[in-house]
Amino acid sequence: YRNRSRGFDYELAREFADHLGVRLRIVSCDTWEEMRAALYSGRGDLIAAGLEITAARTRQAAFSDGYREVRQHLVSHRSRPPVAALRDLAGKTVDVARGSAHHERLEELRREGIDVIIRLHDNLSDDLLIQKAARGEIDFTVANSNIALMIRRYYPSASVQPLSQETVPLGWAVRPDARQLLETVNSFFKTVGENGRLDDIYEKYHWNIGDFDYIDLKAFHERMRTRLPRYRPFIKEAARKNGFDWCLIAAQAYRESHLDPLARGAFDAQGLMQILPATARSLKIADAFDPVASINGGVQYLKWLYELFDGVEEDDRTLLALAAYNAGPGHVQDARRLAAKKGLDPNRWEAVAKTLPLLRYRTYYRNAEQGFCRGDITVAYVKHILVYWDILKRQELDAAVAKAALGAREVFVH
């Protein structure tokens, strides 16, 4: 995204490469069969793609210890009647990728006497099948809980329900003769599990996946469709000038005002970016209700806050700046000092998100330079923006993929 590799599996693999002191090279594959072929042909040494460890796969490759447990979920459109029990799948059509763990599970159900209709696909990824189910183009598909629960953000009309209560471990795979590498992988998982790094990376990409507010997300998608287009050019330009992702700024603007240029908030915050009168004066904003002026001023102020956290890594620096936009930079600095006292890294947002809410309590705020702070509200503010930002990034990626596919078809036809 934005010319940077991202994602839970990528970041965990990069952490492993750093642990070994080697350079990471990614070979992109779409299916288990492609990954297995790349492994055995020597194109890669390790499959690190959030793979379910199943009986069939353990006969084809050597798997690490599991580093995360997931449950399989049915995904469909909300308009379809829910499946109350597994036996209700009899006669229902479920679309899955051939050779996937979901395919294996459905075949097990058939052997158990549940006559589910399995429609297999060789050229459709799990992602595309999920999209089709969420849009009502197919009846059902299956996804792991870490993906299925997050999918509801992108498609609020998607219905997600557990296929069973059984959990499946996720792991990495190597060639059966790579025993030393497998031992090193298991040792690495043990280390990052004990020092908390595994949880940190997981939370970075899967925060709040269990929380789902259908009404809020439905309204967000609708307002992005109806309100964002008129402000998108100004948001993009202000973001470009200040070095931010425009999707982040759009997400923040929505969290501030629901993209209502006449919005008024607490302490007389005004306009699209909810700028306080004193801040408006310092930024020389004549009319905070002017949406273009509000966007430019708000992004300029966010950039100023971002610069305050010099030396902090980019992702954490952005989140600290967002928190400072909401609570004020003084309170965020108080939370960072408190994090350091508690042995946490004050340069990591995960640490500050733990200490900011403590500033509600006298035990902590009486020793803070800026005093009392409703830090829990600020943490929620940042989390909401992260969810909205994630959705907008996903839409950008989907649009880019669709545009590339259209271009390829046009070239082919031509």
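Remember, predicted model here, so these are calculated numbers, not experimental data.

K.L.:
Just to check I follow, could you spell out the overall build of the protein for this structure?
P.N.:
Counting secondary structure elements, the protein contains 18 helices and 7 strands. Radius of gyration (C-alpha) of the protein: 24 Å, near the 22 Å computed for a compact globule of 414 residues. With the C-alpha coordinates of the protein rotated into their principal frame, the extents come out at 70 × 50 × 45 Å. When the 414 residues of the protein are sorted by exposure, 47% land in the buried category. In the protein, of all internal contacts separated by at least 6 residues, the share reaching a separation of at least 24 is 67%. Accessible area of the protein: about 21300 Å², with a carbon and sulfur share of 49%. The positive charge centre, built from 60 side chains, and the negative charge centre, built from 56, are 4 Å apart in the protein.

K.L.:
I tried to follow the pairing of strand β4 (residues 93-97) on my own but got confused; where do I start?
P.N.:
Across a regular strand the side chains alternate sides, sitting on one face of the sheet and then on the other. Most of β4 sits inside the fold, with 5 of its 5 residues counted as buried. The side-chain alternation of β4 yields two buried faces, one formed by Thr93, Asp95 and Ala97 and the other by Val94 and Val96. Traced from β4 through helix α4 (residues 101-111) to strand β5 (residues 117-121), the parallel crossover comes out right-handed.

K.L.:
Honestly, the confidence of the model for the protein in this entry has me stumped. Any pointers?
P.N.:
Residues at a pLDDT of 70 or more form 96% of the protein, whose mean pLDDT is 91. When the criterion is pLDDT under 50, residues 410-414 qualifies, and its contacts beyond four places in sequence or with other chains add up to 0 contacts.

K.L.:
How do you make sense of the packing of aromatic side chains when you look at a structure like this?
P.N.:
Any pair of aromatic rings gets described here by the distance separating the centres and the angle formed by the planes. Taken as a whole and judged by the stated rule, the model has 16 aromatic pairs. With a centroid separation of 4.9 Å and an interplanar angle of 80 degrees, the aromatic rings of Phe220 and Tyr254 are classed as edge-to-face. Of this pair, Phe220 sits in helix α9 (residues 214-226) while Tyr254 is found in helix α11 (residues 246-257), placing the two residues 34 residues apart along the sequence. Comparing Phe220 with Tyr254, the two get one shared label, buried. Seen in terms of ring centroids, Tyr254 and Tyr388 are 5.1 Å apart; in terms of plane orientation they differ by 85 degrees. Their pairing is edge-to-face. On the criterion of sequence distance, the pair formed by Tyr254 in helix α11 and Tyr388 in helix α18 (residues 375-413) is long-range, its members being 134 residues apart. The class for Tyr254 is buried, based on a relative accessible area of 0%. With relative accessibility at 3%, the residue Tyr388 sits in the buried group. In this arrangement the basic side chain of Lys303 is found over the ring face of Phe244, its NZ or CZ atom lying 5.9 Å from the centre. Its guanidinium or amino end placed over the ring of Trp389, Lys393 lies 4.3 Å from that ring's centre, counting from NZ or CZ.

K.L.:
Can you help me understand the packing of helix α10 (residues 228-242) against helix α13 (residues 291-308) in this one?
P.N.:
Their axes nearest at 9 Å, the elements α10 and α13 cross at an angle of 25 degrees. In terms of orientation, α10 and α13 fall into the roughly parallel class. Here α10 runs over α13; the crossing is right-handed. Together, Tyr231, Phe234, Ile235, Ala238, Ala239 and Asn242 of α10 and Pro291, Val292, Ile295, Asn296, Val299, Gln300 and Lys303 of α13 make up the contact between the two elements. Taken together, the residues that form the contact of α10 with α13 break down as 9 nonpolar, 3 polar and 1 charged.

K.L.:
Explain the packing of helix α1 (residues 8-20) against helix α7 (residues 179-194) to me, please; I cannot follow it from the model alone.
P.N.:
In a pair of packed helices, the angle between the axes and the distance between the axes together describe the arrangement. For the pair α1 and α7, the least separation of the axes is 11 Å and the interaxial angle reads 110 degrees. Judged by the inter-axis angle, α1 sits roughly perpendicular to α7. On α7, the residues touching Leu12, Glu15, Phe16, His19 and Leu20 of α1 are Leu181, Thr184, Val185, Phe188 and Phe189. Class assignment of the residues belonging to the contact of α1 with α7 gives a composition of 7 nonpolar, 2 polar and 1 charged.

K.L.:
Please clarify how α4 should be interpreted in this entry.
P.N.:
Because an α-helix completes one turn every 3.6 residues, residues spaced three or four positions apart along the sequence face the same direction. Inspection of α4 places Ala101, His102, His103, Glu104, Arg105, Leu106 and Leu109 among the buried residues, and these make up the whole buried set. Where α4 ends, the next residue or the one after it, Gly113, has phi of about 100 degrees, a positive value.

K.L.:
Would you explain the layout of surface pockets in this entry?
P.N.:
A water-sized probe, rolled over the atoms, reveals where empty space remains. The computed volume of the second largest pocket comes to approximately 650 Å³. Ranked by residue count, the leading element in the lining of the second largest pocket is helix α14 (residues 314-327), at 4 residues. Residues that form the lining of the second largest pocket fall into these classes: 12 nonpolar, 7 polar and 4 charged.

K.L.:
How should the nonpolar core be read in this particular structure?
P.N.:
A general trend in soluble globular proteins is that nonpolar side chains are found buried together. Formed by 75 residues in total, the largest nonpolar core has its most connected members in Ile235, Phe244, Leu259, Tyr325, Trp349, Leu356 and Val382. Sort the elements by how many residues they give to this core and α18 lands first, with 10 residues. Excluding its chain neighbours within four sequence positions, the residues that come into contact with Ile235 are Leu228, Trp246, Ile249, Ala250 and Ile295. Formed by 16 residues, the second largest nonpolar core is a distinct cluster that contains Val168, Trp172, Val192 and Tyr202.

K.L.:
I would appreciate a short explanation of the side chain of Arg336 in the present structure.
P.N.:
Relative to the elements of secondary structure, Arg336 occurs in helix α15 (residues 329-341). Buried within the structure, Arg336 lacks any salt-bridge partner; Asp345 is the closest side chain of opposite charge, at an N-O distance of 6.8 Å. Residue contacts for Arg336: discarding those within four places in its chain leaves Phe309, Val312, Leu320, Pro346, Asn347 and Val352.

K.L.:
Mind showing me how you'd approach the environment of Ser145 here?
P.N.:
Along the chain, Ser145 falls in helix α6 (residues 145-154). Since its relative accessible area comes to 14%, Ser145 is described here as buried. When the C-alpha positions of Ser145 and Ala402 are compared, they lie 26 Å apart, and in sequence the two are 257 residues distant.

K.L.:
I keep staring at the pattern of salt bridges and nothing clicks. Help me out?
P.N.:
Pairing between side chains becomes possible if they bear opposite charge and their charged atoms approach one another. For the coordinates displayed, the defined rule picks out 28 salt bridges. Residue Arg317 pairs with Asp310 through a salt bridge whose shortest N-O separation is 3.9 Å. Judged by relative accessible area, which is 11%, Arg317 ranks as buried. Linking Asp334 and Arg337 is a salt bridge whose minimum nitrogen-to-oxygen distance equals 2.7 Å. With Asp334 and Arg337 both in helix α15 and 3 residues apart, the pair spans about one turn of that helix. Of the residues examined, Asp334 reaches a relative accessible area of 4% and is grouped as buried. You can call Arg337 partly exposed: its relative accessible area is 36%. Through salt bridges with shared partners, a single network forms among Lys303, Glu307, Asp310 and Arg317.

Conventions used here
- Residues numbered from 1 in each chain as written.
- Predicted model: local features only at pLDDT ≥ 70, side-chain atom pairs only at ≥ 80, totals over all residues.
- Heavy atoms only, no water.
- Helix = DSSP H or I, 4+ residues; strand = E, 2+ residues; numbered from the N terminus.
- Rg over C-alpha atoms; globule rule 2.2 N^0.38 Å.
- Buried < 20%, exposed > 50% of the residue type's maximum accessible area, 1.4 Å probe, protein only.
- Contact = heavy atoms within 4.5 Å.
- Areas by Shrake-Rupley, 256 points an atom, 1.4 Å probe, with all protein chains shown as cover.
- Lys, Arg positive; Asp, Glu negative; His and termini not counted.
- Charge placed at Lys NZ, Arg CZ, Asp CG, Glu CD.
- Right-handed = clockwise from strand over helix to strand, strands pointing away.
- pLDDT = per-residue confidence, 0-100.
- Phe/Tyr/Trp six-rings, centres within 6.5 Å; stacked < 30°, edge-to-face > 60°.
- Lys NZ or Arg CZ within 6 Å of the ring centre and 35° of its normal.
- Axes fitted to C-alpha atoms, helices over the stretch in contact; angles between N-to-C directions.
- Parallel < 35°, antiparallel > 145°, perpendicular 65-115°, else oblique.
- Left-handed = near helix turned anticlockwise from the far one by under 90°.
- Nonpolar A, V, L, I, M, F, W, Y, C, P; charged D, E, K, R; others polar.
- 1 Å grid on protein atoms, 1.4 Å probe; cavity = no way out; pocket = protein on both sides within 12 Å on 5 of 7 lines; lining within 4 Å.
- Points joined across faces, edges and corners; volume = space filled by probe spheres on them.
- Core = buried A, V, L, I, M, F, W, Y, C linked by side-chain atoms within 4.5 Å.
- Salt bridge = Lys/Arg side-chain N within 4 Å of Asp/Glu carboxyl O.

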